[in-house]
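# Reading the structure
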Amino acid sequence: QVQLVESGGGLVQAGGSLRLSCVASGRTFSSYAMGWFRRAPGKEREFVATITWSGGSTYYGDSVKGRFTISRDNAKNTVYLQMSSLKPEDTAVYYCAARQDRGLFTSSWYATDSNYDYWGQGTQVTVSS
């Protein structure tokens, strides 16, 4: 069992930056792909970014490419999402997700929320205009 706890959300003005963190329990963090998804009010959950178990590959949703960066520190069991040039449409609850990984899947597979086994409780990000 893996438990995920997100932090770092808050209120920020458009154009600003935030860094989200997700700490995972357990000793097998380094074998998990870690993803970030978000859900805005009245919308379906949306893929944001994923990093494979080794950190060798990263994938991003089209709406965040070039503005968000995902990274991981396996020594700290932590995955990060650095968000820059934030827009009001980035307002959402951001969720961390995890599943065991071999780095062999396609980008579209990693972007599918049903392929993840563990989820955090979410952290709210609000971007004001």
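Let me sum up the structure you'll find in this document. (Residues numbered from 1 in each chain as written. Predicted model: local features only at pLDDT ≥ 70, side-chain atom pairs only at ≥ 80, totals over all residues. Heavy atoms only, no water.)

## Thoughts on the overall build of the protein chain
Across its full length, the protein chain carries 1 helix and 11 strands. In sequence order, the protein chain lays out its α and β elements as β-β-β-β-β-β-β-β-β-α-β-β. Its C-alpha atoms give the protein chain a radius of gyration of 14 Å, near enough to 14 Å, the size a compact globule of 129 residues would have. Oriented by its inertia axes, the alpha-carbon framework of the protein chain measures out at about 40 × 25 × 25 Å. A burial count over the protein chain gives 46% of its 129 residues as buried. Total accessible area computed for the protein chain in this model is approximately 6,500 Å², and 46% of it derives from carbon and sulfur atoms. Averaged over its 13 positive side-chain charges, the protein chain has a centre that lies 4 Å from the centre of its 10 negative ones. (Helix = DSSP H or I, 4+ residues; strand = E, 2+ residues; numbered from the N terminus. Rg over C-alpha atoms; globule rule 2.2 N^0.38 Å. Buried < 20%, exposed > 50% of the residue type's maximum accessible area, 1.4 Å probe, protein only. Areas by Shrake-Rupley, 256 points an atom, 1.4 Å probe, with all protein chains shown as cover. Lys, Arg positive; Asp, Glu negative; His and termini not counted. Charge placed at Lys NZ, Arg CZ, Asp CG, Glu CD.)

## Some remarks on the sheet that holds strand β7 (residues 68-73)
Reading across from one edge, β1-β3-β8-β7 is the order of the 4 strands in this open sheet, with antiparallel pairing throughout. Two strands bound the open sheet, and with one partner strand each, they are β1 (4-7) and β7. For this sheet the average axis-to-axis angle between neighbouring strands, irrespective of direction, equals 15°. The pairing of β7 with strand β8 (residues 78-83) spans 6 bridges and is classified as antiparallel. Paired with Arg 72 across the strands is Val 79, a residue of β8. (Pairing = 2+ DSSP bridges. Axes fitted to C-alpha atoms, helices over the stretch in contact; angles between N-to-C directions.)

## Comments concerning unusual backbone geometry
At Asn 77, a position not held by glycine, the phi torsion is positive, near 55°. Mapped onto the elements, Asn 77 comes out in the loop between β7 and β8. Exposure remark for Asn 77: the relative accessible area of 19% places this residue in the buried category. Backbone geometry at Ser 85 places phi at a positive 50°, although glycine is not the residue there. Along the chain, Ser 85 turns up in the loop between β8 and β9 (92-100). In this structure Ser 85 comes out as partly exposed when scored by relative accessible area, which is 42%.

## Topic: the pairing of β1
On β1, burial follows the alternation: Leu 4 and Glu 6 on one face are buried, whereas Val 5 and Ser 7 on the facing-out side are not. Pairing of β1 with strand β3 (residues 18-24), which is carried by 4 bridges, proceeds in the antiparallel orientation. When the sheet's bridge partners are listed, Glu 6 is paired in β3 with Cys 22.

## Focus on the side chain of Thr 50
For Thr 50, the position within the fold is in strand β5 (residues 46-51). A relative accessible area of 0% places Thr 50 in the buried class. At 3.4 Å, the side chain of Thr 50 forms a polar contact with the backbone oxygen of Tyr 110. If near-sequence neighbours (up to four positions away) are discounted, Thr 50 is found in contact with Met 34, Gly 35, Ser 57, Thr 58, Tyr 59, Ile 70, Tyr 110 and Tyr 116. (Polar contact = N/O pair within 3.5 Å; in protein donor to acceptor, adjacent residues only side chain to side chain. Contact = heavy atoms within 4.5 Å.)

## Regarding the state of the cysteines
Applying the stated criterion across every chain, the model contains 1 disulfide. What pairs with Cys 22 in a disulfide is Cys 96, and their sulfur atoms sit 2.1 Å apart. Torsion about the S-S bond of the Cys 22 and Cys 96 cystine: about -80°, corresponding to left-handed handedness. Of this pair, Cys 22 sits in strand β3 while Cys 96 sits in strand β9; the two residues are 74 residues apart in sequence, bridging distant segments of the chain. We classify Cys 96 as buried; its relative accessible area is 0%. (Disulfide = S-S within 2.5 Å.)

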